[in-house]
Amino acid sequence: MSRSERSLPTSYFDDLYAGNPDPWGFESKPYEREKYAATLAALPRAHYAAALEIGCSIGVLTAELAKRCDRLVALDAAEAPLARARQRLAGQAHVEFLHGRVPEDWPEERFDLILFSEVLYFLDGEDLKRVCERVERSLRPGGDVVLVHWLPETDFPLSGDEATERFIAGMADVLKPLAASRSEFYRMDTLRRVD
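Computed from a predicted structure; not experimentally measured.

### Here we look at the side chain of Arg193
Part 1: Among the secondary structure elements, Arg193 is positioned in strand β7 (residues 186-193).
Part 2: A distance of 2.7 Å separates the side chain of Arg193 from the backbone oxygen of Leu139, its partner in a polar contact.

### Focus: the UniProt feature "domain: Methyltransferase" (unreviewed entry) in the protein
Part 1: UniProt's feature table lists "domain: Methyltransferase" (unreviewed entry) at residues 52-143, given in the numbering used throughout.
Part 2: Secondary structure content for residues 52-143 is 33% helix and 30% strand, while the C-alpha to C-alpha distance between its ends is 11 Å.

### Topic: the packing of aromatic side chains
Part 1: According to the stated counting rule, one finds 15 aromatic pairs in the structure shown.
Part 2: Aromatic side chains Tyr31 and Tyr186 sit 5.9 Å apart centroid to centroid with 70° between the ring planes, which places their arrangement in the edge-to-face category. Of the two residues, Tyr31 is situated in helix α2 (residues 30-42) and Tyr186 in strand β7; the sequence distance between them amounts to 155 residues.
Part 3: When its relative accessible area of 18% is taken as the criterion, Tyr31 is described as buried.
Part 4: Residue class for Tyr186 comes out buried when judged on its relative accessible area of 5%.

Conventions adopted
Each residue is numbered by its place in its chain's sequence as written, counting from 1. At least 70 in pLDDT is required for a residue's local features to be given in this predicted model, at least 80 for side-chain atom pairs to be given and counted, and no such filter applies to totals for whole chains, interfaces and linings, which use all residues. As a rule here, side-chain values come from all non-hydrogen atoms in the structure, and water together with hydrogens is ignored. Numbered from the N terminus, helices here are DSSP runs of H or I no shorter than four residues, and strands are runs of E no shorter than two. Each polar contact in these results corresponds to two N or O atoms within 3.5 Å; when the atoms are within protein, one needs to be able to donate a hydrogen and the other to accept it, and residues that are neighboring in sequence are counted only if both atoms are side-chain atoms. UniProt positions are given in the numbering used here, feature names are shortened, and annotations may be inferred rather than shown by experiment. For Phe, Tyr and Trp, rings pair up if their centres lie within 6.5 Å, where Trp contributes its six-membered ring, and each pair is then called stacked (planes under 30 degrees apart), edge-to-face (over 60) or tilted (otherwise). Under the scheme applied here, a residue whose accessible area is under 20% of the maximum for its type counts as buried, over 50% as exposed, and between as partly exposed, the area being computed with a 1.4 Å probe on protein chains only.

In structure tokens, the structure reads:
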């Protein structure tokens, strides 16, 4: 399987959702339900003042995460899934949805939780470095970062392990690992800001 050398463009995600409103089976696959439950269980705190979810898609995890945040900003590169996410969380004024692609489109505020659920491997090495810079700028002291990444082979620019290890190495002066786990299909890493 040949890997993309560059970060996947927004058009990749637009095309994916044009063919299927839930291409990864977030609403239907037992894998996704189990992974979301594990992600929520991995959050070090019961409640967060302000959280950022990168790659929210159709908002299945967003709906659960919103219950544990005073404010939640959920961002996705494709507009079609954001429309469904907005419908799913209609009436929840503390949740804001943003259409954008990281690292270019990053909200100008501070967060005490940043969640990357199966997104960092869509980026090439340079964009991943820029994401690290954005996280350093926007994560509050003592704030948490949770990374969840698919492990089997893909054609994305980075594997799940590569994306995670590069992020952890790039943030080594800022974040310390709190917990790590692996299943057959994904790994989960939790880190906390120490400076």
